[in-house]
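Listed below, chain by chain, are the residues.
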Amino acid sequence: MKLGIVGLPNVGKSTLFNSLTKAGAQAANFPFCTIDPNVGVVPVPDERLEKLGELYHTKKVTPAVIEFVDIAGLVKGASKGEGLGNQFLANIRETDAIVHVVRCFEDSNVIHVDGSVDPIRDIDVINLELIFADLEVLERRLAKVIKAARMDKETAKEQVFLEKMKAHLESGNSARSLEIDEEDEAGYMKELNLLTAKPVIYAANVAEEDLADDGASNEMVKKVRDFAAKEGSEVFVISARVEEEISELDDDEKAEFLEALGVKESGLDKLIAASYKLLGLMSFLTAGEDECRAWTIKIGTKAPQAAGKIHTDFERGFIKAEVVNYKNLLELGSLAAAREKGLVGIEGKDYVVQDGDVILFRFNV
C-alpha cells in the first residue's frame, strides 16, 4: 500500500511524515522546505504476527508495510507551476490513496500560508489544484480521442465519457464523486489515473490538548468530519508534534506516554486502521519456523488470488489451502493439535479468505 501525504505548507505534513517514518525529512517554518518527495516504508504493527512468531520460534517475522510519499507543500496555482509547481502532483499519481493533512490548531508561532487557519478553505485549495491537474490530463486525452472517434464506435464511447468527466470536474467536483455505471466507464476511469479519483483520508492535525477526546471539542475538526462524511472519506485526529515525541520512545515508554495523554492508540495506528477501512484491505498470515508473515489483500479475495500474492506459481498451480483461525492456532499450540480438533479447513478455489486466517497453500506447477 502506497499513501501520498499532501497539504498546504506549515500544516504539519512533514512533521507527521518524519514521525511516521523516522526518515528525517526536513521540517521548517516556511513553504517549500521539502524539495524532493521523501519516501519512507513503515511496518504495520500486528500483534498476531508477533505471537505466531513466538509459537513457531521463527527465524524471521515479516509484517505488511505501508509506503509513505511526502509531497512538498502545495499552494494555490501549483497545477500551473506556482511554488514548486506540478512536478509534485505527478508523484501522487502513483499512490493508492491520499492522506490530506489539515491544520486544526491555532499557533501564532507557526505561520499559515494564507494568514489564518480555516480547514475547509485549505481543503478546497488543494482539491482545486488536483482538479486543475486532472483537467489537463483529460484535455490531452480528449485531443487524441476526438480524432479517432469519428472512425471508431468504441473510441466514440470513450469520448462521451471523457466529456462527461470534464464537465463534472469543471463544476468543481472530484472524479471520485462521479457515478460510474458501466464496465467500459470503469475501464476508462482506471486508465486515466486521476488524482481526484483516489480515496482520501483527512488527517486533522490538532494541539495536544485536543487528543484525549479525539477532537470532539474542536470546531475545526467537526467541520472536517462533516466535509469528509459528505464525500465518503475517512478522518483521523492526530497531533503531529505528539507523534514526533512518540517516535523517539521505545514500546513501553510509548504505551505510558499515550496513557498519560488519555489516548488509546498512536496516530500511526489510527492511520493504518483508516487506510485499511477506506481501501477495503485486510491481512492473512503464513507461519512456520523459517518465517511468519502478514500479507495484505482486498476483502473478498479468494484463496488462489491470495496465494498469488506470495508467488504467481502458487496461484497458477493452486490445489487447496489449509486454513486455521490464528486464535485457534495460538490456543491449541500447533497446527497438528488444531487438525485433531477439526479446526483446520481444507478449502478450494472458491474459499474467500478471512482476516486473520493462517494459511498453508498446496500447489503443483
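Residues numbered from 1 in each chain as written. Predicted model: local features only at pLDDT ≥ 70, side-chain atom pairs only at ≥ 80, totals over all residues. Heavy atoms only, no water.

Novice: Any chance you could explain the packing of aromatic side chains here in plain terms?
Specialist: The full count for this structure, using the stated rule, is 6 aromatic pairs. Centroid distance phenylalanine 284 to phenylalanine 361: 6.0 Å. Interplanar angle 90°. Geometry classified as edge-to-face. Linking phenylalanine 284 in strand β8 (residues 281-286) with phenylalanine 361 in strand β12 (residues 357-363), this pair joins segments that are 77 residues apart in sequence. Note on phenylalanine 284: relative accessible area 0%, which makes it buried. With a centroid separation of 6.4 Å and an interplanar angle of 65°, the aromatic rings of phenylalanine 318 and phenylalanine 361 are classed as edge-to-face. (Phe/Tyr/Trp six-rings, centres within 6.5 Å; stacked < 30°, edge-to-face > 60°. Helix = DSSP H or I, 4+ residues; strand = E, 2+ residues; numbered from the N terminus. Buried < 20%, exposed > 50% of the residue type's maximum accessible area, 1.4 Å probe, protein only.)

Novice: Could you clarify how one ought to interpret empty space enclosed by the protein in this entry?
Specialist: In this approach the atoms are scanned with a rolling probe the size of a water molecule, which exposes any empty space left behind. Taken as a whole and judged by the stated rule, the model has 3 cavities of 30 Å³ or more. Estimates place the volume of the largest cavity at around 60 Å³. Lining of the largest cavity is provided by Ile98, His100, Asn127, Leu130, Ser174, Arg176, Leu195, Thr196 and Val200. Going through the elements one at a time, β5 (97-103) and α4 (119-149) are the ones with two or more residues in the lining of the largest cavity. (1 Å grid on protein atoms, 1.4 Å probe; cavity = no way out; pocket = protein on both sides within 12 Å on 5 of 7 lines; lining within 4 Å. Points joined across faces, edges and corners; volume = space filled by probe spheres on them.)

Novice: Quick question: what am I supposed to make of the side chain of threonine 95 here?
Specialist: Following the sequence through the fold, threonine 95 ends up in the loop between α3 (87-92) and β5. For threonine 95, a relative accessible area of 4% translates into the label buried. The contacts of threonine 95, once residues within four sequence positions are left out, are Lys2, Leu3, Gly4, Val69 and Lys198. (Contact = heavy atoms within 4.5 Å.)

Novice: Explain the sheet that holds strand β2 (residues 38-43) here, please?
Specialist: The strands making up a sheet associate through backbone hydrogen bonding, with each pair oriented either parallel or antiparallel. A sheet is described by the order of its strands in space; here 6 strands give the open sequence β2-β4-β1-β5-β6-β7, paired in mixed fashion. Two strands lie at the open edges of the sheet, namely β2 and β7 (234-238), each paired on one side alone. Between one strand axis and the next, the sheet turns by 25° as a mean value, whatever way the strands run. Taken together, the 4 bridges between strand β1 (residues 2-6) and β5 define a ladder with parallel strand orientation. By the bridge assignment, leucine 3 is partnered in β5 with alanine 97. Most of the contacts of α4 go to β5, to which it runs at about 145°, and overall it touches β1, β5 and β6 (200-205). Seen against the sheet, helix α10 (residues 267-279) touches β1, β2, β4 (65-70), β5, β6 and β7 and runs at an angle of roughly 180° to β7. (Pairing = 2+ DSSP bridges. Axes fitted to C-alpha atoms, helices over the stretch in contact; angles between N-to-C directions.)

Novice: Before we go on, may I ask you to explain the side chain of serine 266 in this structure?
Specialist: By the secondary structure assignment, serine 266 is in the loop between α9 (251-261) and α10. Taking the relative accessible area as the measure of exposure, serine 266 reaches 7% and is therefore buried. The contacts of serine 266, once residues within four sequence positions are left out, are Glu243 and Leu258.

Novice: Looking at this structure, I do not really get a negative patch on the surface. What am I missing?
Specialist: Together, Asp250, Asp251, Asp252, Glu253, Glu256 and Glu259 line one region of the surface with negative charge. Here glutamate 253 is to be found in helix α9. Residue glutamate 253 is classed as partly exposed on the basis of its relative accessible area, which comes to 38%. (Patch = residues over 30% accessible without salt bridge, like charges linked within 9 Å, V, L, I, M, F, W, Y side chains within 5 Å. Areas by Shrake-Rupley, 256 points an atom, 1.4 Å probe, with all protein chains shown as cover. Salt bridge = Lys/Arg side-chain N within 4 Å of Asp/Glu carboxyl O. Lys, Arg positive; Asp, Glu negative; His and termini not counted. Charge placed at Lys NZ, Arg CZ, Asp CG, Glu CD.)

Novice: How do you make sense of the packing of helix α5 (residues 153-170) against helix α6 (residues 183-192) when you look at a structure like this?
Specialist: How two helices pack is summed up by the angle between their axes together with the distance between the axes. Packing of α5 against α6 leaves a shortest axis separation of 10 Å and a crossing angle of 70°. For the element pair α5 / α6, the angle class is roughly perpendicular. Relative to α6, the crossing made by α5 is right-handed. Residue-level contacts link Glu154, Lys157, Glu158, Phe161, Leu162, Lys164 and Met165 of α5 to Asp184, Glu185, Tyr188, Met189 and Leu192 of α6. Residues that form the contact of α5 with α6 fall into these classes: 6 nonpolar, no polar and 6 charged. (Parallel < 35°, antiparallel > 145°, perpendicular 65-115°, else oblique. Left-handed = near helix turned anticlockwise from the far one by under 90°. Nonpolar A, V, L, I, M, F, W, Y, C, P; charged D, E, K, R; others polar.)

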